[in-house]
Amino acid sequence: MTMRETVRAAANGDKMQTPSGQVSDLTASVVAAVRGLLGSPEKRIALHEPEFCGQEWTYVKECIDTGWVSSVGSYVDRFERDLAAFAGCKHAVATSNGTSALHVCLILAGVEINDEVLIPTLTFIATANAVSYIRAVPHFVDSEMTSLGVDAERLERHLELVAHVVDGVCINRSTGRRIRALVVMHVFGHPSDLDALMDVARRWKLTLVEDAAESLGSYYHGRHTGNFGAIAALSFNGNKVVTTGGGGAILTNDSELARRAKHISTTARIAHEWNFLHDEVGYNYRMPNINAALGCAQLERLPSMVERKRRLAVRYEQAFAGINGVRFLREPRGTSSNYWLNAIMLDNELASHRDELLGALNQAGFMSRPVWTLMHKLPMYSECPRMDLEVAERIEAQLINLPSSPGLATSL
Ligand SMILES: *Cc1c(COP(=O)(O)O)cnc(C)c1O
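All values reported here derive from a predicted model rather than from experimental measurement.

1. Looking at the overall build of the protein chain
Then comes step 1: Counting secondary structure elements, the protein chain contains 13 helices and 15 strands.
Then comes step 2: Overall, the C-alpha framework of the protein chain stretches about 75 × 60 × 35 Å when taken along its three principal axes.
Then comes step 3: Counting the 412 residues in the protein chain, one finds 56% classified as buried.
Then comes step 4: Taking contacts inside the protein chain between residues at least 6 apart in sequence as the whole, the part at least 24 apart equals 72%.
Then comes step 5: For the protein chain, the computed accessible surface area is about 17,300 Å², with 51% contributed by carbon and sulfur atoms.

2. A few points about the domain arrangement of the protein chain
Then comes step 1: Domain parsing of the protein chain yields domain 1 (3–49 + 302–409) and domain 2 (56–300).
Then comes step 2: The C-alpha-based centres of domain 1 and domain 2 are spaced at 28 Å.
Then comes step 3: At the junction of the two partners, domain 1 supplies 42 residues and domain 2 supplies 50 residues.
Then comes step 4: Carbon and sulfur atoms supply 68% of the area buried between domain 1 and domain 2, which totals about 3,800 Å² over both sides.
Then comes step 5: Here Asp388 and Arg154 are joined by a salt bridge, their closest N and O atoms 3.8 Å apart.
Then comes step 6: Counting residues per element, the ones that place at least two in the side of domain 1 that touches domain 2 are helix H11 (302–320), strand S13 (335–336), strand S14 (342–346), helix H13 (390–398) and strand S15 (399–402).
Then comes step 7: Taken together, the residues of the side of domain 1 that touches domain 2 break down into 26 nonpolar, eight polar and eight charged.

3. As for the layout of surface pockets
In this approach, a probe sized like a water molecule rolls over the atoms, and the result shows the empty space that is left.
Then comes step 1: A volume near 360 Å³ is recorded for the largest pocket.
Then comes step 2: Ser71, Val72, Lys262, Thr266 and Arg286 are, among the 15 residues lining the largest pocket, the residues nearest its centre.
Then comes step 3: Where the lining of the largest pocket is concerned, the elements lending two or more residues are helix H4 (74–87) and helix H9 (255–265).
Then comes step 4: The dominant element in the lining of the largest pocket, judged by the number of residues it contributes, is H4, at three residues.
Then comes step 5: Partitioning the lining of the largest pocket into residue classes produces three nonpolar, eight polar and four charged.
Then comes step 6: In terms of lining residues, the second largest pocket is bounded by 23 residues, among which Phe124, Ala126, Ala213, Ser235 and Lys240 are the most central.

4. A short note on the pairing of strand S2 (residues 116–120)
Then comes step 1: Most of S2 is tucked away, with five of its five residues classed as buried.
Then comes step 2: The side-chain alternation of S2 yields two buried faces, one formed by Glu116, Leu118 and Pro120 and the other by Val117 and Ile119.
Then comes step 3: Bridge analysis of S2 against strand S3 (residues 137–141) gives five bridges, and the strand direction is parallel. If you follow Ile119 over to S3, its bridge partner there is Phe140.
Then comes step 4: Running through helix H6 (residues 125–133), the crossover from S2 to the neighbouring parallel element S3 is right-handed.
Then comes step 5: Examined bridge by bridge, S2 and strand S6 (residues 179–185) share three bridges and lie parallel to one another. Bridge assignment links Leu118 to a residue of S6, and that residue is Leu182.

5. Quick look at the side chain of Glu396
Then comes step 1: Considering the arrangement of structural elements, one finds Glu396 in helix H13.
Then comes step 2: Every residue in contact with Glu396, bar those within four places of it in the chain, is listed here: Arg354, Val371, Trp372, Thr373, Leu374 and Lys377.

6. Points about unusual backbone geometry
Then comes step 1: Of note in the backbone geometry, Ala268 takes a positive phi value of approximately 55 degrees without being a glycine.
Then comes step 2: Summarising the element assignment, Ala268 is placed in the loop between H9 and helix H10 (289–300).
Then comes step 3: Residue Ala268 is classed as buried on the basis of its relative accessible area, which comes to 0%.
Then comes step 4: Positive phi values are uncommon outside glycine, yet Tyr339 reaches one of about 45 degrees.
Then comes step 5: Along the chain, the position of Tyr339 falls in the loop between S13 and S14.

7. Quick look at helix H3 (residues 56–66)
Then comes step 1: Where H3 is concerned, the buried positions are Glu56, Tyr59, Val60 and Cys63. The buried residues of H3 occupy one face: seen down the axis, they fall within an arc of 95 degrees. In H3, the exposed positions angled more than 90 degrees off the buried face are occupied by Trp57 and Asp65.
Then comes step 2: Looking at the packing, one finds that the buried side of H3 touches H4 and H10.
Then comes step 3: Taken from the residues just after H3, Gly67 is the one with a positive phi, measuring 85 degrees.

Reading the values: the criteria
Residues numbered from 1 in each chain as written. Predicted model: local features only at pLDDT ≥ 70, side-chain atom pairs only at ≥ 80, totals over all residues. Heavy atoms only, no water. Helix = DSSP H or I, 4+ residues; strand = E, 2+ residues; numbered from the N terminus. Buried < 20%, exposed > 50% of the residue type's maximum accessible area, 1.4 Å probe, protein only. Contact = heavy atoms within 4.5 Å. Areas by Shrake-Rupley, 256 points an atom, 1.4 Å probe, with all protein chains shown as cover. Domains from an automatic or database assignment. Buried area = accessible area lost by both parts, 1.4 Å probe. Salt bridge = Lys/Arg side-chain N within 4 Å of Asp/Glu carboxyl O. Nonpolar A, V, L, I, M, F, W, Y, C, P; charged D, E, K, R; others polar. 1 Å grid on protein atoms, 1.4 Å probe; cavity = no way out; pocket = protein on both sides within 12 Å on 5 of 7 lines; lining within 4 Å. Points joined across faces, edges and corners; volume = space filled by probe spheres on them. Pairing = 2+ DSSP bridges. Right-handed = clockwise from strand over helix to strand, strands pointing away. Arc of directions from axis to C-beta.

Quick look at the structure:
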């Protein structure tokens, strides 16, 4: 069957999977393209593997040798300095993971119990959970097809319908609750449309928070992500570009927010030689020194990892250029992405092929997966307020992530 027939048959609702288990031309072409790039693997190629080939072992060993393994130690301070310098940001506060960083960001954005927080439905669960930890309510917003981030224009129209600003406070007219903040997320490392999103936040009196967990090494108009909202969260989980085993960080250019972030993430303890005095309810969210040691070594190699990940993305783009029915997801214009996870998008009428394609790719040894189940489809978030989420639903139906480790580009 030709590609044109494939498309036509799919548009007619034909499943395309032949009884003998043969796959469609589309699936065969995509698998061949990935194989042409990555070869035929003996064991399955992971989606994103950490790379430890610098000073990791030396720095971690030093922590163990000196006994400085826990939350106080020179590597935590150094990691924060190195991170802030890399991101071109005044302050970085290291935390135990990205979720805890987000939790603190939302507290510092002024989110309180029963407030609503605008977040994309297309995100990792941490974004929604951090809202719930405050017993605030996620209010789900839709995404756009270019960056996969929050669609500023449609969010604006949604707010015009459901919200109004009273005495400088944004109120949801149907629930009566205050809408306190807007969290944007840079999906797979691709920066969201920040200029437009900052405008929406300004007009509607929302504090802008960046979930930059996936975008370390990504820039919007030459400026590192995480510098556009009041405060931002990063993650150093094992599958992120830089890993500390588990870890996260808060970025901000506001010295008072940075001081507060450090205070409440370290049990709100007042510094003293021997007294344990705490002046509010705090959190034990500090990153341990041994994790920061790993992070310092990783940051030294971040430019090399991003360079190779970008090279891999170019090669993927070339490999998919000739295949009808799929497009490789490119960084939006005016941005430089770390290409944390590479992704292809099936044409709308080919969405029914997604699972066949996922099956074939995984069977051929290339770990691939769909995007996260959308937040509003999860049982604990199904009743939350939301706008029309049709684009996110299309992205969910049509997107496939492909192996993206920096090591894959080393030989390209
Ligand atoms: C990874 C990630 C986080 C944080 O995850 P942790 O595992 O807690 O470090 C938050 N938001 C998004 C979008 C992520 O991808």
